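# Examining the three-dimensional arrangement
Now for the letters of each chain:
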Amino acid sequence: MKALIIKQPWIDLILKGSKTWEIRGSNTSISGQIELIQSGSSLVVGCCEIVDCKELSLEEFQNCTGKHCINNTKELPYKRAYAWIIKNAERYEEPRKYKHPNGAIVWGNL
């Protein structure tokens, strides 16, 4: 199973259901159920579904702060910005350890 590596505070916002768009600088073809790894912790802390991915215009990025929770919207955070659309996020009661491979930045394989 694939696991997405996400930094704080974004991972907590996703697991609370407040953040439903994960903004990245590239498209993803991965969809469906994935697990979530808290960056820097080597812990799998939850899961969610990626249900869609779409490229964002600056206007759409600026008008959808409630979905991505980024406050500075004067410019896109990447040359090309994509919303990875997330649903059904769930925090695990007991996070579990995983061995973080060298070079893994976006995805981990579990």
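To start, this report covers the structure provided alongside it. This structure is a prediction, so every number in the text was calculated from the model and none was measured.

## Let's talk about the overall build of the protein
- When helices and strands are counted, the protein shows three helices and six strands.
- When the elements of the protein are put in sequence order from the N terminus, they spell out β-α-β-β-β-α-α-β-β.
- Taken against the 2.2 N^0.38 rule, which gives 13 Å for 110 residues, the C-alpha radius of gyration of the protein at 14 Å falls within 12% of a compact globule.
- Its C-alpha atoms give the protein principal-axis dimensions of roughly 40 × 25 × 25 Å.
- Considering the protein as a whole, with its 110 residues, one finds that 38% of them fall into the buried category.
- Of all intrachain contacts in the protein linking residues separated by at least 6 positions in sequence, the fraction that spans at least 24 positions is 75%.

## Description of the sheet that holds strand β2 (residues 21-24)
- The strand order β2-β5-β4-β3-β1-β6 describes an open sheet built from six strands, whose pairing is mixed. Strands with a single pairing partner mark the edges of an open sheet, and in this sheet they are β2 and β6 (107-109). Each adjacent strand pair in this sheet contributes to an overall mean axis angle of 40°, direction not counted.
- With three bridges joining them, strand β1 (residues 2-6) and β6 adopt antiparallel strand pairing. By the bridge assignment, Ala-3 is partnered in β6 with Gly-108.

## Concerning the packing of aromatic side chains
- Evaluation of the coordinates by the stated rule reveals one aromatic pair.
- Between Trp-84 and Trp-107 the ring centres are 5.7 Å apart and the planes differ by 15°, which places this aromatic pair in the stacked class. One end of the pair, Trp-84, is in strand β5 (residues 81-97); the other, Trp-107, is in strand β6, with 23 residues separating them in the sequence. An identical accessibility class is assigned to Trp-84 and Trp-107; each is buried.
- The ring of Trp-84 is capped by Arg-24, whose NZ or CZ atom sits 5.5 Å from the centre of that ring.

Conventions we followed
- Per chain, residues are indexed from 1 in the order of the written sequence.
- Only residues with pLDDT of at least 70 get local features here, since the model is predicted, and only at 80 or more are side-chain atom pairs given and counted; chain-wide, interface and lining totals rely on the full set of residues.
- To get the side-chain values, all heavy atoms of the structure are used, and hydrogens and water are removed first.
- Every helix listed is a DSSP run of H or I at least four residues long, and every strand listed is a run of E at least two residues long, numbered separately from the N terminus.
- Radius of gyration: over C-alpha atoms. The globule rule applied is 2.2 Å multiplied by the number of residues raised to the 0.38 power.
- In this scheme, a residue with accessible area under 20% of its type's maximum is buried, one over 50% is exposed, and one in between is partly exposed, where area comes from a 1.4 Å probe on protein chains only.
- Should any heavy atoms of two residues lie within 4.5 Å, those residues are considered in contact.
- In short, DSSP must find at least two bridges between two strands for them to pair.
- Comment: axis = line fitted to C-alpha atoms, over the contacting stretch for helices; angle = value between 0 and 180 degrees taken between N-to-C directions.
- Pairs were defined over the aromatic rings of Phe, Tyr and Trp, the Trp ring being its six-membered one, requiring ring centres within 6.5 Å. Orientation was assigned from the angle between planes: stacked under 30 degrees, edge-to-face over 60, tilted for the rest.
- Charge-over-ring contacts are defined here by two conditions on Lys NZ or Arg CZ: a distance within 6 Å of the ring centre and an angle within 35 degrees of the ring normal.

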